[in-house]
Amino acid sequence: MNLYCERVLFDYEKQAYEVVFDFNNMSDLEELARRTNVQISNVPSQTLLILNNLKFESYKGPRAGFWYDIPICFFENFKMINEESEYRLIKFNLTMRDDQKLNFQQFRTIDGKLYKKNEETKDFYDSEFYKDIKEIGDIRNLQLIVRDVGCGNLNEVSGEKLCPICNLECCNWRGVNEDRFRLIYDLGGDVKFSNKEMDDIFDRANLTSPFYAVISHWDLDHYRAILDLDDTQLRLMKNIVVPSKMPNTLQLNKGLNRLQSFGINIDIIPPALKRERSRRIELISRGKIHNFKLFRSSDGANINQSGIVLTIEGDRKVAVLTGDHHYPQIYNGVLNRSSIKPYELVVPHHGGNAGDFDLSLWNRIPLASGGLSTKSFRYKNLPQGKIHNFFITQKSFHCTECRESDYVTTL
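Residues numbered from 1 in each chain as written. Predicted model: local features only at pLDDT ≥ 70, side-chain atom pairs only at ≥ 80, totals over all residues. Heavy atoms only, no water.

Overview of the overall build of the protein chain
Here's step 1: Check the secondary structure of the protein chain and you find 12 helices and 22 strands.
Here's step 2: Relative to the 2.2 N^0.38 estimate, which gives 22 Å for 411 residues, the radius of gyration of the protein chain is 21 Å and therefore close to what a compact globule would have.
Here's step 3: For the protein chain, the spread of C-alpha atoms along the principal axes amounts to about 70 × 50 × 45 Å.
Here's step 4: Within the span of the protein chain, comprising 411 residues, buried residues form 58% of the whole.
Here's step 5: In the protein chain, 74% of the contacts between residues at least 6 apart in sequence involve partners at least 24 apart.
Here's step 6: Total accessible area on the protein chain stands at roughly 17800 Å², and carbon and sulfur atoms take up 44% of it.
Here's step 7: Looking at the protein chain, you have 54 positive and 55 negative side-chain charges, and the mean spots of the two groups are 5 Å apart. (Helix = DSSP H or I, 4+ residues; strand = E, 2+ residues; numbered from the N terminus. Rg over C-alpha atoms; globule rule 2.2 N^0.38 Å. Buried < 20%, exposed > 50% of the residue type's maximum accessible area, 1.4 Å probe, protein only. Contact = heavy atoms within 4.5 Å. Areas by Shrake-Rupley, 256 points an atom, 1.4 Å probe, with all protein chains shown as cover. Lys, Arg positive; Asp, Glu negative; His and termini not counted. Charge placed at Lys NZ, Arg CZ, Asp CG, Glu CD.)

As structure tokens, this is what we get:
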């Protein structure tokens, strides 16, 4: 059966790994349910498989963002543990019966059919998002919020719309447009957060007015709220911009189907063409409209380096919403060392490994401050001490875990 590795977690107490998989098709899920005597429930969002207490042969463990063709007999050495009723996305929670070391490398597959190919893409300048922002005009008094969502990502930018006639925040315009402009970059949350933890996040976000959305890349911890939001909240989404590289998983397909069922327009942005002849992933500007500039990567093998970065220019600072893109990509493709306005950076990849982090280079970047959403002991060696020390201790960034709060700043 074809399984997509969503996350590789680490249980420090047991000194063993937890791996989160999703299925390519329902027939494989149903077959595993029969083998493990799990009831097929009426909860369509439950498709995830968690394997607990795993140990691997050296360098032969699974990697997040890759597909594995695993035979059904592999699961004979697993037993079912507690039902995951508090997790609306988890279907199976299995644990190893012994301490044998596993080799997942033998199951690795690179079948291109396991990625969606038939979705219609469009250039950023042709997107509905671009057209909407052009019509709205400049947005003032911008505010950035980095939500405390553990090892997930949910950033919000909001601001006041200006009157398209007089270009002022006049009373008549505001009288008929009481809602602020809202854009949410990544609708994510920690993969292991319970239903209640996700609902608490939505309560803090107060999703009671229309908003736009951008997905940086198709890792579940960056888009899971598409599945978790209730119908009333999701209907408030006016448009969503997403990258074209999509693993053909049950969760992602359920998310797309849910968006389409509410008539939400999906702007799918194709990969950028490389400017250099090399294997290196590049982030390249695909266009700017008023305060907003969108960068798209030249896709790589891994999902989290195949996506979208967004910058938003305020009166005093420029917000950089990074997703999980790597430091060299951001430094070379997005930032300008001589920028007049300093950068308000969202630390990529939850403070974990995101390519080569060159301290001397990042000390040259004009940084105002920024935010980091993370959760210790969820993954091995995350957040990394060097990264956390540089941004939190030296640059006075806001760590949502350390401060147990969202980060809010005016741009």
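What follows picks up the thread again.
Remarks on helix H4 (residues 195-205)
Along an α-helix, residues three or four apart share an orientation, since each turn contains 3.6 residues.
Here's step 1: The set of residues buried in H4 consists of Asn195, Met198, Ile201, Phe202 and Ala205. With its buried residues spanning 125° around the axis, H4 presents them on a single face. For H4, the exposed residues set more than 90 degrees away from the buried face come down to Lys196 and Asp203.
Here's step 2: Tucked into the core, H4 has its buried residues touching strand S10 (155-161), strand S11 (181-185), helix H6 (225-228) and helix H7 (231-234).
Here's step 3: Immediately downstream of H4, the backbone of asparagine 206 shows phi near 55°, a positive value. (Arc of directions from axis to C-beta.)

Describing the packing of aromatic side chains
Here's step 1: Counted according to the given criterion, the structure contains 36 aromatic pairs.
Here's step 2: Seen in terms of ring centroids, tyrosine 68 and phenylalanine 104 are 6.3 Å apart; in terms of plane orientation they differ by 90°. Their pairing is edge-to-face. Separated by 36 residues along the polypeptide, tyrosine 68 in strand S4 (residues 67-69) and phenylalanine 104 in the loop between strand S7 (101-102) and strand S8 (108-109) bring together distant segments of the chain. Taken individually, tyrosine 68 and phenylalanine 104 each receive the classification buried, so the pair is uniform in this respect.
Here's step 3: Measuring from ring centre to ring centre gives 5.7 Å for phenylalanine 357 and phenylalanine 391, while their planes differ by 55°; the resulting arrangement is tilted. (Phe/Tyr/Trp six-rings, centres within 6.5 Å; stacked < 30°, edge-to-face > 60°.)

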